[in-house]
Amino acid sequence: MPLIKKDKCTGCGSCVEECPAKTIVIEDEKAQINMDKCFLCGVCFDICQENAVLDDGEKVPIDVKSNIEKTKACLDLCSKHFDYPEAVIKCLDRWIKDYYRKKAIAEKTIDELKTLRKTL
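None of the values given here were measured: they were computed from a predicted structure.

Draft legend 1. Main features of helix α4 (residues 85-119). Compared with the 51 Å implied by 1.5 Å per residue over 35 residues, the 52 Å span of α4 between its first and last C-alpha is a close match. Ala87, Cys91 and Trp95 are the residues of α4 that are buried. The secondary structure elements touched by the buried residues of α4 are α3 (60-81).

This is how it looks when you write it as structure tokens:
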């Protein structure tokens, strides 16, 4: 998925003009993509002369850190609301299970999309 690197974006508007989905706008002199409407055509990657549009794979470490921080915050809440340490471990186990579920959904979705590719 595309990601606008704000420090590289000059706000020229080329991506806004060329985006076939019309999902890119300029806010505070920088491009912003509405990912709910983006259909991942890749035009923004090709049109940006400043190379400000990047693949969001670069955000993986940031997203992992955010997930860990969110989980730790919830573990703190479990610790405050329950008097026994096992509650925190149960809470952590539920978070791990939730991420396994999300992983399974992603893997099955990828498999289905690969099958779809073969029909095109």
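Draft legend 2. Highlighting a nonpolar patch on the surface. A cluster of nonpolar side chains, namely Val60, Val64 and Ile68, defines an oily patch on the protein surface of about 240 Å² accessible area. Residue placement: isoleucine 68 occurs in helix α3. The exposure class assigned to isoleucine 68 is partly exposed, which follows from its relative accessible area of 44%.

Draft legend 3. Quick look at the pattern of salt bridges. According to the stated counting rule, one finds three salt bridges in the structure shown. Between aspartate 63 and lysine 59 there is a salt bridge, and its shortest N-O distance comes to 3.7 Å. The class for lysine 59 is partly exposed, based on a relative accessible area of 29%. In the salt-bridge network here, residues are joined through shared partners; they are Asp98, Arg101 and Lys102.

Draft legend 4. Quick peek at the pairing of strand β2 (residues 24-27). By the bridge criterion, four bridges tie β2 to strand β3 (residues 30-33) in an arrangement that is antiparallel. Across the sheet, residue isoleucine 24 finds its bridge partner in β3, namely isoleucine 33. Linking two consecutive strands that pair antiparallel, namely β2 and β3, is a turn of two residues; a positive phi of about 55° is found at aspartate 28 within it.

Draft legend 5. Looking closely at the environment of lysine 5. Position of lysine 5 relative to the elements: it lies in the loop between β1 (2-4) and α1 (14-18). Sequence separation of lysine 5 and valine 53 is 48 residues, and the distance between their C-alpha atoms is 6.2 Å. Once residues lying within four places of it in the same chain are set aside, the contact partners of lysine 5 are Ala52 and Leu54.

Draft legend 6. Focus on the nonpolar core. Ile4, Cys9, Cys15, Cys19, Ile24, Ala31, Ile33, Cys38, Cys44, Cys48, Ala52 and Val53 together form the largest nonpolar core, which totals 12 residues. Excluding its chain neighbours within four sequence positions, the residues that come into contact with cysteine 9 are Ile4, Lys30, Ala31 and Ala52.

Draft legend 7. Representation of the environment of aspartate 83. In this structure, aspartate 83 sits in the loop between α3 and α4. Distance from aspartate 83 to aspartate 93, taken between C-alpha atoms, is 17 Å for residues 10 residues apart in sequence.

Criteria and thresholds
Residues numbered from 1 in each chain as written. Predicted model: local features only at pLDDT ≥ 70, side-chain atom pairs only at ≥ 80, totals over all residues. Heavy atoms only, no water. Helix = DSSP H or I, 4+ residues; strand = E, 2+ residues; numbered from the N terminus. Expected span 1.5 Å × (residues − 1). Buried < 20%, exposed > 50% of the residue type's maximum accessible area, 1.4 Å probe, protein only. Contact = heavy atoms within 4.5 Å. Patch = residues over 30% accessible without salt bridge, like charges linked within 9 Å, V, L, I, M, F, W, Y side chains within 5 Å. Areas by Shrake-Rupley, 256 points an atom, 1.4 Å probe, with all protein chains shown as cover. Salt bridge = Lys/Arg side-chain N within 4 Å of Asp/Glu carboxyl O. Pairing = 2+ DSSP bridges. Core = buried A, V, L, I, M, F, W, Y, C linked by side-chain atoms within 4.5 Å.

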